[in-house]
Each structure stands twice: as C-alpha cells, then as structure tokens.
Amino acid sequence: MEFKHKTLPNGLKIVGEVNKSAMSAAVGFFVRTGSRDETPEVSGVSHFLEHMLFKGTETRSPLQVNEAFDRTGAKFNAFTSEENTVYYAAVLPEYLGEVTTLWTDLLRPSLRDEDFDIEKNVIKEEIAMYKDLPQFDVMDQCRAIHFNDHPCANSVLGTNESITAMTASQMREYFGNRYAPNNIVAACCGNFDFDEICSLIETGCGPWTAAKADRDLVFHPGSCQKRQEQKANLVREHICLASASVSAQDDRRFAASLLSMIIGDYTGSRFFWALVDTAIAETAAMQFESMDGVGVLYSYIRCSPENATKVMDIINGIFAGLAKDGVTDSELQKAKNKVLSALTIKSEQPMGRLVNLGFNWVYLQKYRSVAEDVAAVKAVTSGQINDLIAEFKPGDFTRFSIGPSSQEQD
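Residues numbered from 1 in each chain as written. Predicted model: local features only at pLDDT ≥ 70, side-chain atom pairs only at ≥ 80, totals over all residues. Heavy atoms only, no water.

### Observations regarding the side chain of Asp-115
By secondary structure assignment, the location of Asp-115 is in helix α4 (residues 113-131). Among the polar contacts made by the side chain of Asp-115, one reaches the side chain of Arg-112 at a distance of 2.7 Å. Aside from chain neighbours lying at most four places away, what touches Asp-115 is Met-52, Lys-55 and Ser-110. (Helix = DSSP H or I, 4+ residues; strand = E, 2+ residues; numbered from the N terminus. Polar contact = N/O pair within 3.5 Å; in protein donor to acceptor, adjacent residues only side chain to side chain. Contact = heavy atoms within 4.5 Å.)

### Remarks on the pattern of salt bridges
Here the structure, examined in full by the defined rule, presents 25 salt bridges. A salt bridge links Glu-83 to Arg-36; the shortest N-O distance between them is 2.3 Å. Note that Glu-83 is positioned in the loop between β4 (75-80) and β5 (85-91) and Arg-36 in the loop between β3 (25-31) and α1 (45-52), a separation of 47 residues in sequence. Taking the relative accessible area as the measure of exposure, Arg-36 reaches 5% and is therefore buried. For the salt bridge of Asp-292 with Arg-215, the shortest nitrogen-to-oxygen distance reads 2.9 Å. Residue Asp-292 is found in the loop between β9 (283-291) and β10 (294-303), and its partner Arg-215 is found in the loop between α8 (194-205) and β7 (226-230); the two are separated by 77 residues along the sequence. Through salt bridges with shared partners, a single network forms among Arg-32, Asp-37, Arg-178, Arg-215 and Asp-292. (Salt bridge = Lys/Arg side-chain N within 4 Å of Asp/Glu carboxyl O. Buried < 20%, exposed > 50% of the residue type's maximum accessible area, 1.4 Å probe, protein only.)

### Some thoughts on the environment of Ala-25
Tracing the chain through its elements places Ala-25 in strand β3. The buried category is assigned to Ala-25, whose relative accessible area is 0%. For Ala-25 and Gln-249, which are 224 residues apart along the polypeptide, the C-alpha to C-alpha distance reads 28 Å. Leaving out residues up to four positions away in the same chain, Ala-25 has contacts with Ala-89, Ala-90, Val-91, Pro-93, Leu-96, Cys-189, Gly-190, Asn-191 and Pro-350.

Right under this line is the structure:
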C-alpha cells in the first residue's frame, strides 16, 4: 500500500492509501464538527445537518441523490458524533470518481426551508425513538452528567425543545462556520488513482472559502456524580459508568483500549466472568473512546433490579482489585490477540481502513499504517496499563442508572 496526501489552497486535506490489489475503493469526507461545537441554541444541529445533506442541492432533488448512489451500487451512509460528521461510500473502483463528485456536490446542500421543516419532524421522531431505548438513553445521560459543563456533555441528537426552536437560518450560519474546507479531510482507500481523485475533489471543493473553525481542547476528569432515574414500563436495570481516560492524541490510547478489553470485553473479561458467566447480569461491557484532548471509559450493564446492588458491589471489587494488583501478563496477551485480530481483519477491506485513515489525519495530522498500529499494540506492557490505572483511577466513575427500582446503590 502507498500513502499519498495533498492540501488544497483553501485548506482542505486529501489523504489516500492506494492498494492496487484491492477489489473495491472507499471515500469519506470527515467534517471536524459535532455536538461539542454547538451552543445550547442549536443543540443537535450537526446531526440535523447530516440528514439535510441527503435532501439535495440546487441541481439535485432528494430522489436524484438516491438514484445517483443506487446507480453505482455504492454502500453509503453518514454518522455524527460529539466531534465529527462523516460521509462515506464503498464502491467498485470504476465508480469511485462518480461517487466522490457526488459527495463534493452534496457537501454544499441547498438547505431549503421546506426540506428543513419536514426533516425537523424526522429528527424529533428519532429523539423519541432513542428515548424508548434505555441502553442508548442511559449512556447519553451518563455522558452528560460525566462531562458536566464540558462541551462533550452536549447531546448529539439535541432535545425536542432545541430542535423545535431551531430555524433554518441558524442551521445555515452553523454550516457556514463549520463546513469550511479547512475543517474537512477527504480520505480514499483501495484501488484508485490518487491524482485523479485529487483533481475531482479540487474541482468540486476548490472554490470553497476557508473560515475560522476552532475548538477548545480542554481535558475533563469527570464529575463522579451518582444518579438514578425511574422509568415506567421498564423491567430491567440499565447502568452506565463513565471514567476519565486518555485523548486521541495520547500514545497511551493503545494501552487504554487494551485495558477496556481486559475489564469489559463481551467474552473472557473480568466483567464477563464475574457478572455475565455467573448470570448476575445479562450484559456487562466496557468501551474506550478517545477524543480531542479528552478520553473516557464507558461501561454498560443490564441486570434485574434485584441484582443491581450486588452488581455494583462486584464492579467496585473489580476496580479495587485493579487498583491494588493491576492486570496480569496473561490477561494482557489475550486482550492483544483480540485487538489485533479485529484490527487486521477490518483492515483487509478498503472500507475497513477508511475510518482509521481519516481520523488519524483529523486528530494527529499523520498517517499510520496497519503495521504501525499492530506494532503499537504489541509494544504495550502490563506496567504501562497499571500506570494508567494508577493515574486515571477507573474506579472513580460517574454512574447513571435507569430502572424500575428506587433502591439506592453505593
């Protein structure tokens, strides 16, 4: 594989990992904007904008947009997070140019008032739908409590009230500020001609004007608050824990990822053997999320209300054991094997490489090959992980739970 990159005069970055032996190609546009970049008045606007891009441009209707993707057989989609909005597609190599040009067109949407008014109802329905999913709701609210007054506390979806009050002019202003070319990375992976793709992107995006799109990077240790909520019609207790960890720019992110695997992988982890294998909880898992200047370990546990206190006692014991004795070399090796298997299998397809390629440039402004990531994972020692445990103290967590029980948990 060969890495290439180019920056357009207006600041838009283009990165490519060329693999002529691949049978497909993938393209993505990574816009460095998300809920942490929003004000309360436009809470949810980044996700709302993601929807609006598929509503067409001055020359394409929503139907024509879908027909254009369907004609190429593209596997396409988009997602919005606290920090990024990403538009991507995987196609046969012969259609990559056509799909890339389509994305450059869609990234300057018409944002018509009539489309805005219709899609507003779609967004509100989505908010209501996720409120009915306790696993999502508990994690969304726990994140808000954990980050407190930090911008990462902002909800990706926004609220029913913020979406209702939002105007199309507010969305256009936000779009103008955040969808600037100097705030976008275009990434391509697979079998393609880099110079040809650069030419297409420059034709479509070159006329765009740069703008100031800063972001305040502040670390947050977490609030460590404990809250519980009762909700009608629930029969299970849903628990989310959040504790501080390293950022996307920190080399220790590989160690943090392995730590989350040791504690809370779906199989073979400390959570699994203590809670799931013993049938005390139905689900108990941990994930590591690294972000701009800050990181977090999230745990999600689902159990019966009667077992909620017991679950928390066991979890507190697990964290106490980690603080006292750390992780073992055997646990670390098993976690490495899992992480390396997932990393290499995902990387065998261009679409699997696209997100890593794009985010490495967004967060690090550098290219990292699969071999470099594999080496970084292999190099992690149990001592490094134990140092992370001592510094960040995962047992000092924020906790939020939703369930039918009103009992207090320590």
